[in-house]
Amino acid sequence: MKLTRNITRALAASILGLSVTAGSIAITAPTAQAYDKSKGKISCKAAKVRINPAKNSTARGIAYRGDKIIYDQFAYKKSERRWYTRGKVTWKSDGAKIYGYVPYGCANPYGTNPAPTPPIPR
C-alpha cells in the first residue's frame, strides 16, 4: 500500500512537471525570435562604425551619407549619455559590408537627422 502511494506521488509530480514544461515551451516558442531587422540609410556626412557602443571603441571603418544600413538593435551607453545603432553597413561605392555600431543620430529608424531619441533607460 505504501509503495503504490509513493509511486502515485512520483507519477503525479512528473506529470505536473511535464505539463508545466510543455506549457512554458508552448508559450515561449512563438515569442523566441531573432531581432527584427529594418533598413535605413546613413544620414550623417561620415560616421565611424565601431566594434562596441562606445566613443573609445576600435573603429572597423567609416560609413558615409547614403550608405545602406540594416539595423537590428539599439544600445544606450550610460556613461556617455548616448544612443548607438547596431547593424550591417553596405557601402554605396563598392558594396563592402561592415558590421558594428554607429551613433543613433546617423542611423536612425526615422530617416531624419537629428533623430528623436528613445527614452533613457533607468
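Attention in this report is confined to the structure presented alongside it. (Residues numbered from 1 in each chain as written. Predicted model: local features only at pLDDT ≥ 70, side-chain atom pairs only at ≥ 80, totals over all residues. Heavy atoms only, no water.)

### Digging into the overall build of the chain
In step 1: When you go through the chain residue by residue, the secondary structure sums to 1 helix and 6 strands.
In step 2: In the chain, the proportion of contacts linking residues at least 24 apart, taken out of those at least 6 apart, comes to 47%.
In step 3: Here the chain has roughly 8,800 Å² of accessible surface; of this, 59% comes from carbon and sulfur atoms. (Helix = DSSP H or I, 4+ residues; strand = E, 2+ residues; numbered from the N terminus. Contact = heavy atoms within 4.5 Å. Areas by Shrake-Rupley, 256 points an atom, 1.4 Å probe, with all protein chains shown as cover.)

### Structural notes on the pattern of salt bridges
In step 1: Tallied over the entire structure, the rule returns 1 salt bridge.
In step 2: Asp 72 is paired through a salt bridge with Arg 86; the nearest N and O atoms lie 3.1 Å apart. You can see Asp 72 sitting in strand S4 (residues 68-77) and its partner Arg 86 sitting in strand S5 (residues 82-90), a full 14 residues away along the chain. No difference in accessibility class separates Asp 72 from Arg 86, as the two residues are buried. (Salt bridge = Lys/Arg side-chain N within 4 Å of Asp/Glu carboxyl O. Buried < 20%, exposed > 50% of the residue type's maximum accessible area, 1.4 Å probe, protein only.)

### A closer look at a positive patch on the surface
In step 1: Taken together, the side chains of Lys 37, Lys 39, Lys 41, Lys 68, Lys 88, Lys 92 and Lys 97 present a region of like positive charge at the surface.
In step 2: Given a relative accessible area of 53%, Lys 41 falls into the exposed group. (Patch = residues over 30% accessible without salt bridge, like charges linked within 9 Å, V, L, I, M, F, W, Y side chains within 5 Å. Lys, Arg positive; Asp, Glu negative; His and termini not counted. Charge placed at Lys NZ, Arg CZ, Asp CG, Glu CD.)

### Looking at the environment of Ile 42
In step 1: Tracing the chain through its elements places Ile 42 in the loop between strand S1 (38-41) and strand S2 (46-50).
In step 2: Between the alpha carbons of Ile 42 and Arg 65 there is a distance of 5.0 Å; along the sequence they are 23 residues apart.
In step 3: Setting aside chain neighbours within four positions, we find Ile 42 in contact with Ala 63, Tyr 64, Arg 65, Gly 66, Asp 67, Ile 69, Cys 106 and Ala 107.

### Observations concerning unusual backbone geometry
In step 1: With a phi close to 55 degrees, Arg 81 is a non-glycine residue in the positive phi region.
In step 2: Tracing the sequence through the fold places Arg 81 in the loop between S4 and S5.

### Some points on the state of the cysteines
In step 1: What the rule picks out here adds up to 1 disulfide.
In step 2: What pairs with Cys 44 in a disulfide is Cys 106, and their sulfur atoms sit 2.0 Å apart. Residues Cys 44 and Cys 106 are joined by a disulfide whose S-S torsion is about -85 degrees; by sign, that bridge is left-handed. One end of the pair, Cys 44, is in the loop between S1 and S2; the other, Cys 106, is in the segment after strand S6 (97-103), and 62 residues separate them in sequence. (Disulfide = S-S within 2.5 Å.)

### Some details on the packing of aromatic side chains
In step 1: The full count for this structure, using the stated rule, is 3 aromatic pairs.
In step 2: With centroids separated by 5.6 Å and ring planes inclined at 50 degrees, the aromatic side chains of Tyr 71 and Phe 74 adopt a geometry described as tilted.
In step 3: Taking 5.1 Å as the distance between ring centres and 55 degrees as the angle between the ring planes, the aromatic pair formed by Tyr 76 and Trp 83 counts as tilted. With respect to burial, Tyr 76 and Trp 83 carry one shared label: buried.
In step 4: Members of the aromatic cluster, each reached through a chain of ring pairs, are Tyr 71, Phe 74 and Tyr 104. (Phe/Tyr/Trp six-rings, centres within 6.5 Å; stacked < 30°, edge-to-face > 60°.)

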